[in-house]
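# Close look at the chain arrangement
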Amino acid sequence: MRPREIREEEKMKKSKAKGRILLALILALCLLAAGCGQPSGSSGASKGAEPGETSGSGELEPYDLTWYVLGPAQQRDNQRIEQEINKYLKDKLNVTVKMNMLDWASYDQKLKAAIAASEPFDICFTGVGMVDYVLNSKNGAFMEMDGYLENEMKGAAEAVGEDFLNAARVNGHIYALPCNKEKAVSYGFVYNKTLADEYGIDMSDIKTYSDIEPKLQQFMEHNEELTPLFNDNSQNLPFVSIMEMGANPQEKIGMILPDGTVVNQYESEEYKAAYQQMRDFYNKGYLRKDVATMKDGQSQKSNGQFFTFPVNLKPCYADELNILAQGKGFTLAQVDVTDIYLTNALGSMQAISRTSKNPQRAAMFLELVNTDKYLNNLINFGVEGVDYEKVSDNVIKLIPDSGYAPNMQWMYGNQFLNFLNETEAPDKWEQFEAFNAKAKQLPDFGFIFDETPVQTEVAATLNIVKEYNNVLKVGAVDPEKTLPEFLNKLREAGSETIVAEMQKQFDEFKKGQE
């Protein structure tokens, strides 16, 4: 071999050696970085873990999980149920759950304060009217769930279904898990069947909202103590007649009609007619004279001191109310008036807070609540032999005054896992499935209005709506005098601007579906 060829070969050998040394150095640095990123023995669901990520250990560190839920105030034996939940979850998730159950009157206000103060917590109930889902998603109060729904919450996502999940998207992402329950709604009346039977009042022939009047008159002929049409101003009266428009009733300005036209619903002839009818009902004594200011409505309702009230319905809704009415001497029934419509999926949801110190573990907990039958029923009904007795494999009888009976199954996840109460129809879940299958789709299904461009107008008009609609919808004021004043104030506050912006966004939404 010539000298020049020897020198070239030696140069190539040195170059290959340097390459091998550089590659080894890079691999060593990568391994060092990986070791620094997660200490040995740390949890597979450590803080900051991405959806689907776990460490090699497979063991979960203990974690205290804070859960805000809506209910009839903190239950007397809530701590006892927490202990049972945590005992069951020890080997599954190694979490200790703290359930903060707040009543209807305080929930929204307290959660708003907690979010504003960046209070650390893990999960909370949210929806349209409570801890506004859309607003808090846009403001960054809730964690984006898309990745968790594909991994840790895959079973829960499959149970809810893609249609409802997509209807919960805000700017393309999902920030809360809808409860798997009825996916539709009809509107009608719940009534005191005990009194109806006693007075010979047949409720089966009610087909429209107006059909209720002869029943109210008949009730008054037999009972002068109770006003026949109950309302504590929590019902969105007069939604029964409004739903006959084929539109979704709501408090804020903007209703989307079947033809895709956005209107200020309070300017419609249907709302005017409904207000006039409620005024007529009020003048005839069908409602309490203090209906707009009454404070004892919940007590009156829970003790059966009413004949009927309008409400959004689902299969066996009266049966669920009868669970709470057991032992009180009355039974409730229901009559549907409107067609069945798909809802917007935002009525009952569970969100993970951005302040959660372990969102992955929170996601794992929500998965179990929605897929584990024992845990689901423990949260809903308590402990067998203490809070309920088994009548059969899937039917229970509640034990009176056990200390735990929230009766909020529609909020706690997958209702299709729930036990049935002995007062409920044995085919309740089959009725739910048939109900969902019959539902018509309202034009705004899946549409979420971005209020950001008109947030000032929305806030101003909502204040006016609360001031005027709350007295108009119960007939406490004369619509001939009050309605024009109401509408003028709405226009001055920007109602027309809101309608125009919603129309623009809805048109874009429909184009995106083509």
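In what follows, the accompanying structure is described. All values reported here derive from a predicted model rather than from experimental measurement.

## Comments concerning the sheet that holds strand β13 (residues 349–352)
Taken in spatial order, the five strands line up as β2-β1-β3-β13-β6 in an open sheet, and their pairing is mixed. Looking at strand neighbours, the two that pair on one side only are β2 (95–102) and β6 (176–178), the edges of this open sheet. Direction aside, neighbouring strands of the sheet carry axes that sit 25° apart on average. As defined by bridge partners, strand β1 (residues 63–70) adjoins β2 across eight bridges and the pair is classed as parallel. Each residue of the ladder has a partner; that of Y68, found in β2, is N100.

## What about the sheet that holds strand β14 (residues 388–392)?
Taking strand neighbours across the sheet as the criterion, the three strands line up as β14-β15-β16 in an open arrangement whose pairing is mixed. Both outer strands of the open sheet, β14 and β16 (420–421), are each paired with one neighbouring strand and no more. Across four bridges, β14 lies against strand β15 (residues 395–398) in antiparallel orientation. By the bridge assignment for β15, Y388 is matched with L398.

## Thoughts on the pairing of strand β7 (residues 184–192)
Consecutive residues of a regular strand have side chains that alternate between opposite faces of the sheet. β7 sits mainly inside the fold: nine of its nine residues count as buried. Two elements, β7 and strand β12 (residues 341–342), share two bridges in a ladder whose sense is antiparallel. Paired with A184 across the two strands is L342, which belongs to β12. Two strands pair when backbone bridges link them, and β7 and strand β11 (residues 332–336) are joined in this way by five bridges, in the antiparallel orientation. Of the residues in β11, the one forming a bridge with F189 is V335.

## Side note on helix α14 (residues 359–371)
Three or four residues apart is the spacing at which side chains of an α-helix point the same way, because the helix has 3.6 residues per turn. Between the first and last C-alpha of α14 there are 18 Å, a value that for 13 residues agrees with the 18 Å anticipated at 1.5 Å per step. Most of α14 sits inside the fold, with twelve of its 13 residues counted as buried.

## A short note on unusual backbone geometry
The phi dihedral of N171 falls on the positive side, at around 50°, and the residue is not glycine. Tracing the chain through its elements places N171 in the loop between β4 (169–170) and β5 (173–174). Note on N171: relative accessible area 60%, which makes it exposed.

## Here's the deal with helix α15 (residues 373–381)
Where burial is concerned, most of α15 is hidden: seven out of the nine residues are buried. For α15, the full list of buried residues reads L375, N376, N377, L378, I379, N380 and F381. Contacts from the buried residues of α15 go to β1, α2 (78–89), β2, α14, β14 and β15. Phi for G382, located one or two positions after α15, is positive at around 90°.

## Things to note about the environment of E144
Among the secondary structure elements, E144 is positioned in the loop between α4 (133–138) and α5 (146–150). Polar side-chain contacts of E144 include one of 3.3 Å to the side chain of H173.

## Structural notes on the packing of aromatic side chains
Applying the stated criterion across every chain yields a total of 28 aromatic pairs. With 5.0 Å between their ring centres and 80° between their planes, W429 and F432 make a pair best called edge-to-face. Of this pair, W429 and F432 both sit in helix α16 (residues 428–438), three residues apart, which is roughly one turn of the helix. Put simply, the rings of Y266, Y271, Y275, Y468 and F486 touch in pairs and so form one group of aromatic residues. Across from the ring centre of F164, 5.4 Å away, lies the NZ or CZ of K183, which sits over that ring. For K301, the ring lying beneath its charged end belongs to F309, and the centroid distance is 4.6 Å.

Thresholds applied
- Residues numbered from 1 in each chain as written.
- Predicted model: local features only at pLDDT ≥ 70, side-chain atom pairs only at ≥ 80, totals over all residues.
- Heavy atoms only, no water.
- Pairing = 2+ DSSP bridges.
- Helix = DSSP H or I, 4+ residues; strand = E, 2+ residues; numbered from the N terminus.
- Axes fitted to C-alpha atoms, helices over the stretch in contact; angles between N-to-C directions.
- Buried < 20%, exposed > 50% of the residue type's maximum accessible area, 1.4 Å probe, protein only.
- Expected span 1.5 Å × (residues − 1).
- Contact = heavy atoms within 4.5 Å.
- Polar contact = N/O pair within 3.5 Å; in protein donor to acceptor, adjacent residues only side chain to side chain.
- Phe/Tyr/Trp six-rings, centres within 6.5 Å; stacked < 30°, edge-to-face > 60°.
- Lys NZ or Arg CZ within 6 Å of the ring centre and 35° of its normal.

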